[in-house]
Amino acid sequence: MSELLIDDADGVRTFTLNRPESFNSFTVALKERFLGALVEAAADDAVRAVVVTGAGRAFCAGQDLKEHVALLEAGDPSPLRTVEDHYNPLVKAIVGMPKPVIAAVNGMAAGAGASLAYACDLRVAGEGAKFLMAFANVGLTADSGASWTLPRLIGHGRAMEMMLLAQPVGAEEALRIGMVGQVVPDGEVLSTALALARQLAAGPTTAYAKIKEALAFSGELAAALEVEARTQAEAGATADHREAVAAFVAKRKPTFTGR
């Protein structure tokens, strides 16, 4: 079974993260496949708009912590490099994509999964969608561009609340504070996003590319991604992070020491 489904219709390329049993969480393999597919879409003139969604009951739960824990316990340094190697390039590929990218958020979007939605140009959410910035719960900081994208969407204060308190934001609240553009019944999320993508695909896509460049792909984002890569590597090396992921796997409450 492919972890990433790709569908083309009417100038729209749809990417479906396809690990429903794991709430479409990101393994190394999925991150690499998705990044390659985004680069291909950016270069393909036949693709005039992009939709990103998830299979099953979730949009994307972020990092696959089971794989992450296994790599940490094996002494593999790659988990501490994944921001630089995978997440930053994914965000750059979406924000720098010279065509509109729409997130069809069909359920829980957590951690890097929520950040992925924030990096898209437009967001359509189902009534049951939730956004959760749970990095602090596992002893980590923001990554995948969220330190830059989220405050721009909802303001510094609300973004700080989401990061520090790690409480989910439901679809209606997300709409009220500007995190998403529209909320539709859960069964209509993808069809609504596809209709919007078809509308954009029939539009002046060169102008859309210039609008994206003017609004988003600035030195600020590049600087934010560099800070995220450094701070996430530092947070990932803490005892608190190892304790948090060990507790997650053991289904117990972590004991944090601030080290």
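Residues numbered from 1 in each chain as written. Predicted model: local features only at pLDDT ≥ 70, side-chain atom pairs only at ≥ 80, totals over all residues. Heavy atoms only, no water.

Enquirer: Which residues make up the packing of helix α3 (residues 82-95) against helix α4 (residues 112-119), and what values go with them?
Expert: Axis separation between α3 and α4 bottoms out at 9 Å; the angle between their running directions is 25°. It follows that α3 is roughly parallel to α4 by the angle criterion. The element α3 and its partner α4 pack so that their crossing is right-handed. Contact with α3, carried on its side by Y87, V91, I94 and V95, involves A112, L116 and A119 of α4 and no other residues of that element. (Axes fitted to C-alpha atoms, helices over the stretch in contact; angles between N-to-C directions. Helix = DSSP H or I, 4+ residues; strand = E, 2+ residues; numbered from the N terminus. Parallel < 35°, antiparallel > 145°, perpendicular 65-115°, else oblique. Left-handed = near helix turned anticlockwise from the far one by under 90°. Contact = heavy atoms within 4.5 Å.)

Enquirer: Let's hear about empty space enclosed by the protein: which residues, and what values?
Expert: One pass over the full model with this rule turns up 1 cavity of 30 Å³ or more. Each pocket or cavity is described by its volume, and for the largest cavity that value is around 40 Å³. F26, Y87, L90, V91, A112, L116 and S144 together form the lining of the largest cavity. Going through the elements one at a time, α3 and α4 are the ones with two or more residues in the lining of the largest cavity. (1 Å grid on protein atoms, 1.4 Å probe; cavity = no way out; pocket = protein on both sides within 12 Å on 5 of 7 lines; lining within 4 Å. Points joined across faces, edges and corners; volume = space filled by probe spheres on them.)

Enquirer: Quick rundown of the side chain of N106? Include the residues and the values.
Expert: Counting through the fold element by element, N106 comes out in the loop between β5 (101-105) and β6 (108-110). There is a polar contact of 3.4 Å between the side chain of N106 and the side chain of T53. Beyond its immediate sequence surroundings of up to four residues, N106 is in contact with T53, G54, A55, G56, R57, A58, F59 and V189. (Polar contact = N/O pair within 3.5 Å; in protein donor to acceptor, adjacent residues only side chain to side chain.)

Interpretation note: all reported values are geometric properties and have no functional meaning in isolation.
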